[in-house]
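# Structural characterization, general
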Amino acid sequence: MTTSTRGAHRTPAVLVLEDGRIFRGRAYGAVGATFGEAVFSTGMTGYQETLTDPSYHRQVVVMTAPHVGNTGINDEDMESRRIWVSGYVVRDPARVPSNWRSTRSLDQELAAQGVVGISGIDTRALTRHLRERGAMRVGIFSGNALPDEGTMLAEVRQTPEMSGADLSAEVATTEAYVVPAIGEKKFTVAAVDLGIKGMTPHRMAERGIEVHVLPATATVDDVYAVEPDGVFFSNGPGDPATADHPVSVMQGVLERGTPLFGICFGNQILGRALGFGTFKLKYGHRGINQPVQDRTTGKVEVTAHNHGFAVDAPLDQVSDTPYGRAEVSHVCLNDNVVEGLQLLDRPAFSVQYHPEAAAGPHDAAYLFDRFVNLMEGQRA
């Protein structure tokens, strides 16, 4: 990716999909070229948390909300150390941010971090195209010396696909660190970082949990070296079919019967550890308004999502696994995609969405309490 930032708002830009569809607009953020998988997010707010979510690594995010950037950028809502999206697509960027917490504009932040974007295109038409054709490879090109359309399309088609991509180690921490409990320490949790968001260990810390965040390369011995009361597997990018190492580590945790909680990528890892397959969704779930039913209670939650893969498990029957009986605990009401798993004979469960709610509704915060209850039960 090559970037520059001078005169971005007046600079022509072109978005090229791998099937040959082309959209023309203006550069937004950095000027240059970038590539990734084109996906769309339906959230009307929370763009800063979306941009800094490591699960979006190597993806070009199309915002369905027409007005983006209204609240600027602040230093408190970052979910990781940097912006992870490969590119950013908006229709009508805010000309002037307006929020008391804002310290700079969104386009300034994109430019500062070298993120190539495009504005002024019909994002509704682009979203409809992706819904009909599916997520696909894309390139954004901007600057005064744009290649011809054939050259741009050829470059897009030479980039790697998301299927088969092993990306978690690229976004995870390389050194273990500790997030201390807030108030009295009640439990210790080993959290395997596959692309963890900052709010996740904070939600656990709020409940008296000292969280030891470990690299994606952590072994079973590394996990148990912190003497955990529970083990957590985080969200992250890439194809779960490539995640053989995390699956092996999770199986070691399941064998010991330690309370286990996984979210997003962690849900897919649990599915694989139990013997289920995974598959790529046509265009995925991304946004903060996805309806999910908790089958254990019947309650419907509005939830935050970011996943392009899902677990292939039977919805309406209990399955026998090497670790006892398992069932689908949560399901998406839009398309019946598996949104959660739980073991009936061991203290382990997972969900496909983001209960830390950064950004997003707080309907699913109870899942952290459910994790605490598992650890309390194990200790008793």
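Procedures and definitions
Residues numbered from 1 in each chain as written. Predicted model: local features only at pLDDT ≥ 70, side-chain atom pairs only at ≥ 80, totals over all residues. Heavy atoms only, no water. Pairing = 2+ DSSP bridges. Helix = DSSP H or I, 4+ residues; strand = E, 2+ residues; numbered from the N terminus. Domains from an automatic or database assignment. Contact = heavy atoms within 4.5 Å. Buried area = accessible area lost by both parts, 1.4 Å probe. UniProt positions renumbered as here; feature names shortened; annotations may be inferred. Buried < 20%, exposed > 50% of the residue type's maximum accessible area, 1.4 Å probe, protein only.

## Some details on the pairing of strand β3 (residues 22-29)
Pairing analysis gives five bridges linking strand β2 (residues 12-17) to β3, with the strands arranged antiparallel. Paired with Pro-12 across the bridge in β3 is Arg-26. Where β2 hands over to β3, the hairpin turn is made up of four residues, of which Gly-20 adopts a positive phi near 100 degrees. Two elements, β3 and strand β9 (residues 116-119), share four bridges in a ladder whose sense is antiparallel. For Gly-29, the partnering residue across the bridge sits in β9 and is Val-116.

## So, the domain arrangement of the protein chain
Each assigned domain of the protein chain is listed with its residue range as follows: domain 1 (8-158) and domain 2 (168-379). Using only C-alpha atoms to locate each centre, domain 1 and domain 2 end up separated by 29 Å. Tallying the contact residues gives 24 residues for domain 1 and 23 residues for domain 2. Roughly 1900 Å² is buried in total at the junction of domain 1 and domain 2, and carbon and sulfur atoms are behind 46% of that figure.

## Here's the deal with the UniProt feature "binding site: L-glutamine" in the protein chain
This chain's UniProt record puts "binding site: L-glutamine" on Ser-55, Gly-236, Gly-238, Phe-265, Gln-268, Asn-306, Gly-308 and Phe-309. The largest pairwise C-alpha distance within this set of annotated residues, which runs over 255 residues, is 13.3 Å, so the set is compact in three dimensions. Locating Gly-308 in the fold gives a position in strand β17 (residues 300-312). When neighbours within four sequence positions are excluded, Gly-308 is seen to be in contact with Phe-279, Lys-280, Leu-281, Gly-284 and Arg-286. Along the chain, Phe-309 turns up in strand β17. With relative accessibility at 6%, the residue Phe-309 sits in the buried group.

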